[in-house]
Amino acid sequence: MALTTNSGAASLTGGRLTRDAIGVLAILAVAVLGYFLFPNNLALLTRITAIALLVLSLDLVTGYCGVATLGHAALFGAGAYGAGIAAAHFGITDPIAMLAAGILAGALAGLVSGAVVLRAHGLPQLVLSIAIIHLAHEAANKASGWTGGSDGLAGITPDALLGHWQFDLWGRTAYVFGIVLLVLAFVILRQIVRSPFGMLCRGIRQDPVRVRAMGGSVHGTLVKMYAISGAVAGAGGALNAISTQVVGLDSLSFTLSAEALVMLVLGGTGSLYGALIGTAAFMWFEDVVSAANPFHWLTIVGALLIAVVLFAPKGLYGSLAAVFERRGRKAP
Amino acid sequence: MSAIFDVRNLKKMFGGLAVTNDVSLAMAPGDRVALIGPNGAGKTTFVNLVTGNLLPDSGSVTLAGEDVTRLGPTPRVRRGLVRSFQVTRLFSEMTPEEHVALAILQREGRSGGMFSSHRAMPEVMDETHALLSRLGIAHLARHPVSEIAYGQQRLLELALALALKPRVLLLDEPAAGVPQSDTARIEQAIADLPADLAVLMIEHDMDLVFRFAKRVVVLAAGEIIFDGSPDAVTKDARVRQAYLGSYADARSVA
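Residues numbered from 1 in each chain as written. Chains lettered and ligands numbered in written order. Predicted model: local features only at pLDDT ≥ 70, side-chain atom pairs only at ≥ 80, totals over all residues.

Draft legend 1. Focus on the overall build of chain A. When its secondary structure is counted, chain A shows 14 helices and zero strands. Beginning at the N terminus, the succession of helices and strands in chain A can be written as α-α-α-α-α-α-α-α-α-α-α-α-α-α. For 332 residues, the compact-globule estimate of 2.2 N^0.38 gives 20 Å, and the C-alpha radius of gyration of chain A, at 20 Å, lies within 12% of that figure. Seen along its three principal axes, the alpha-carbon backbone of chain A occupies a region of about 65 × 45 × 45 Å. Per-residue burial for chain A yields a buried fraction of 48% across its 332 residues. Of the contacts made within chain A by residues no fewer than 6 positions apart, 76% connect residues no fewer than 24 positions apart. (Helix = DSSP H or I, 4+ residues; strand = E, 2+ residues; numbered from the N terminus. Rg over C-alpha atoms; globule rule 2.2 N^0.38 Å. Buried ≥ 20, exposed ≤ 12 C-beta atoms within 10 Å, placed from the backbone. Contact = placed C-beta atoms within 7 Å.)

This is the structure we're talking about:
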């Protein structure tokens, strides 16, 4: 009996590893495809990668823990300004060090906003998160000596990556850097969400009272997840700062927070794949539609969202996964 | 002396109403106590006071010699005071296997681990499956809880409580809402609880109470009006009064 369960467990773990490998290969395949299909648009692809990190980060707290937030760009912006200020004011121009500064700033912002947002639940929580993003935006605007205010923070000139690859005009280095970062984040997060800690987070989303009755700490666990989420969003912000060499107030905006949530819902909450697919789909669609019809593109994006929410309420990935699961169950 | 669980002179007022009035209750390891009482007797308040969801106005709760009166629910669970819920509280999207594994990891203080997986821990998996088989739900180990029957969900609640290796177990109407056909299995599971565990069951179903309890405590209007053997409880005049009100008198007169 014990033997069969153990080998079952082993094969299942093996199955999960295979699925992760497929996930990584899929990201790489899409990345390579993007590189060759849009060689003149690598800046957009890098931007998508940075935003994908933000949406992954949002998925950690919203999808896995059930925290409602419309202020998640605060973590992204903290990372962007962290990396940007390190370069512009402290002469830390090594891209890896800038990335570390961004991750640290993001994690700190995650701790702070987590400590505030987690005081409340439901609608008050949402309102607190909106307050946070507005406060952060205003603080960055006022502290223009550090942040450049509404002009943006310029003077960010990252060194060559690992002393070898210059951040060139076409954005090739930045793109590869971004994809490597995304794959790393994906692999680490896959591990975290299936760990006991990840299971505890899912438990908290579904019934915090039950978690407490099991002796689990709800608040402590959520704050930890917020810090992790902040590190991921901070990495995205740092990537954005390194690749564009400028940080604007828009990286710390309510609009970006809301768009990140829309992308997550579009792809499907509670799944890392959903976050990635939602980001890519939304940003690609936005780019195509805004080029095709500069006057009505927002209307078309709105219509797409309504269609997804009505006909695929679990998001693009969630609905697709549900279909496959149903088929998989009928088959045997 | 050897009380594992000792409630002394517990008092809680809501406004001017004493919902729990000077309640004392001690249990030794292995005790099987049923707490009964008519609706509004204060059973739920008592459970909330004991589990730490409410703070009493006065009195104390002692667990294995440690005063836990001022502690919240989570530290009490970690000290071995575990409860089940009157209405099942489970993670609907998770499987019984995940539930029990999480409880075991929680008990061992390993639920914060980020770079491991319960499925790669043979000792956790073995304990999980042993517990699920003990309660007869091993075949459902990998079905989401939302897809399994209510009676089986109640069994899973018991498995969760046991996974925490409690010293004192509070069962809040363990058979409530379960179809008649499934109650026997739940009763069996309760009969099979570890012999050294102190169990306090809050229950309405008198058949279950009489089969389970070696001692019955009756709560009425916030006070304990009876504490004794199951045989004596039906003959007690105050208990009859509390449950049947003036009808009891009417019948005795007629």
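Draft legend 2. Inspection of the overall build of chain B at higher detail. Assigned secondary structure in chain B consists of ten helices and ten strands. At 19 Å, chain B has a C-alpha radius of gyration in line with the 18 Å of a compact globule built from 254 residues. Based on the C-alpha atoms only, the size of chain B along its principal axes is roughly 70 × 40 × 35 Å. Within the span of chain B, comprising 254 residues, buried residues form 41% of the whole.

Draft legend 3. Representation of helix H2 (residues 42-64) of chain A in the model. For H2 of chain A, which comprises 23 residues, the first-to-last C-alpha distance of 31 Å matches the rise-based estimate of 33 Å (1.5 Å per residue) to within 8%. The sharpest bend along H2 of chain A comes to roughly 30 degrees, located at Leu58 of chain A. (Expected span 1.5 Å × (residues − 1). Bend = angle between axes of the 7 residues up to and from the residue.)

Draft legend 4. Representation of the pairing of strand S9 (residues 215-220) of chain B within the structure. Residues and elements named next belong to chain B. As paired strands, strand S3 (residues 32-36) and S9 are joined by four bridges and run parallel to one another. Residue Ala34 lies in a different strand from S9, and its bridge partner there is Val216. Here S9 runs beside strand S10 (residues 223-228); their pairing, made up of five bridges, is antiparallel. Counted as the bridge partner of Val216 is Gly228 from S10. Linkage of S9 to S10, two consecutive antiparallel strands, is achieved through a turn of two residues, within which Ala221 is found at a positive phi near 50 degrees. (Pairing = 2+ DSSP bridges.)

Draft legend 5. Up close: the sheet that holds S10 of chain B. Residues and elements named next belong to chain B. Ordered in space as S6-S7-S8-S3-S9-S10, the six strands form an open sheet in which the pairing is mixed. Bordering the open sheet on either side are strand S6 (81-83) and S10, each of which pairs with just one other strand. Within this sheet the neighbouring strands show an average axis-to-axis angle of 20 degrees, counted without direction. Helix H1 (residues 43-51) contacts S3, S6, strand S7 (168-172), strand S8 (198-202) and S9 of the sheet and is inclined by roughly 150 degrees relative to S7. (Axes fitted to C-alpha atoms, helices over the stretch in contact; angles between N-to-C directions.)

Draft legend 6. Inspection of the nonpolar core at higher detail. Counting 165 residues, the largest nonpolar core has Leu53, Val55, Ala83, Ala235 and Ala238 of chain A together with Ala159 of chain B as its most contacted members. When residues in this core are grouped by element, the largest group, 14 residues, is from H2 of chain A. (Core = buried A, V, L, I, M, F, W, Y, C linked by C-beta atoms within 7 Å.)

Draft legend 7. Spotlight on helix H12 (residues 272-292) of chain A. Taking 1.5 Å of rise per residue, 21 residues should cover 30 Å, and H12 of chain A covers 30 Å from first to last C-alpha, within 8% of that figure. Listed in full, the buried residues belonging to H12 of chain A are Leu272, Tyr273, Gly274, Ala275, Leu276, Ile277, Gly278, Thr279, Ala280, Phe282 and Met283 of chain A.

Draft legend 8. Here's a closer look at unusual backbone geometry. All names here are of chain B. Backbone geometry places Lys165, a non-glycine residue, at a positive phi of 45 degrees. Relative to the elements of secondary structure, Lys165 occurs in the loop between helix H5 (150-163) and S7. Judged by local crowding, Lys165 falls into the partly exposed class, with 14 C-beta atoms found within 10 Å. Of note, Glu173 is a non-glycine position whose phi angle comes to about 45 degrees, a positive value.

Draft legend 9. Quick peek at the interface of chain A and chain B. With 26 residues of chain A in contact, the opposing surface of chain B contributes 33 residues. Put simply, the parts of the chain that give the side of chain A that touches chain B at least two residues each are helix H1 (2-37), helix H7 (172-194), helix H8 (196-206) and helix H9 (208-213) of chain A. The element that contributes the greatest number of residues to the side of chain A that touches chain B is H8 of chain A, accounting for seven residues. Classifying every residue of the side of chain A that touches chain B by side-chain character gives eleven nonpolar, ten polar and five charged. (Nonpolar A, V, L, I, M, F, W, Y, C, P; charged D, E, K, R; others polar.)

Draft legend 10. Region of interest: the packing of H2 of chain A against H12 of chain A. All names here are of chain A. Two numbers describe how H2 lies on H12: the axes approach to 9 Å, and their chain directions differ by 140 degrees. Our classification of the angle between H2 and H12 gives oblique. Crossing of H2 over H12 shows right-handed handedness. Contacts between H2 and H12 pair Leu44, Ile48, Ile51, Ala52, Val55, Leu56 and Asp59 from the former with Leu272, Ala275, Leu276, Gly278, Thr279, Ala280, Met283 and Asp287 from the latter. Looking at the contact of H2 with H12 residue by residue, the classes come out as eleven nonpolar, two polar and two charged. (Parallel < 35°, antiparallel > 145°, perpendicular 65-115°, else oblique. Left-handed = near helix turned anticlockwise from the far one by under 90°.)

Draft legend 11. A look at the packing of helix H11 (residues 254-267) of chain A against H12 of chain A. Residues and elements named next belong to chain A. Contact geometry of H11 with H12 gives a least axis separation of 7 Å together with a crossing angle of 115 degrees. On the basis of the axis angle, H11 is roughly perpendicular to H12. Pair H11 / H12 crosses with right-handed handedness. Along the contact surface, H11 presents Val262, Met263, Leu264, Leu266 and Gly267, while H12 presents Gly274, Ala275, Leu276, Ile277, Gly278, Thr279, Ala281 and Phe282.

Draft legend 12. Quick peek at the environment of Gly163 of chain A. Tracing the sequence through the fold places Gly163 of chain A in the loop between helix H6 (144-147) and H7. Sequence separation of Gly163 of chain A and Ser113 of chain A is 50 residues, and the distance between their C-alpha atoms is 36 Å.

Draft legend 13. Local environment of the confidence of the model for chain A. Confidence along chain A averages 87 in pLDDT terms, with 94% of residues attaining 70 or more. Segment residues 1-11 of chain A: pLDDT under 50, and seven contacts once partners within four positions in sequence are set aside and those in other chains are kept. (pLDDT = per-residue confidence, 0-100.)

Draft legend 14. Here's a closer look at the sheet that holds strand S1 (residues 5-14) of chain B. All names here are of chain B. Taken in spatial order, the four strands of this open sheet run S2-S1-S4-S5, and their pairing is antiparallel. This sheet does not close on itself; its edge strands, each paired only once, are strand S2 (17-27) and strand S5 (66-67). Bridge analysis of strand S4 (residues 58-63) against S5 gives two bridges, and the strand direction is antiparallel. Counterpart to Leu63 in the pairing with S5 is Glu66. Relative to S2, H1 is tilted by about 60 degrees, and along the sheet it contacts S1, S2 and S4.

Draft legend 15. Structural context of the UniProt feature "transmembrane region" (unreviewed entry) in chain A. All names here are of chain A. Within this structure's numbering, the places UniProt gives as "transmembrane region" (unreviewed entry) are residues 21-38, 44-61, 73-92, 98-118, 174-193, 226-249, 261-285 and 297-324. The span residues 44-61 carries 100% helix and 0% strand; its end-to-end C-alpha distance comes to 26 Å. Helix makes up 89% of residues 297-324 and strand 0%, with an end-to-end C-alpha separation of 32 Å. (UniProt positions renumbered as here; feature names shortened; annotations may be inferred.)

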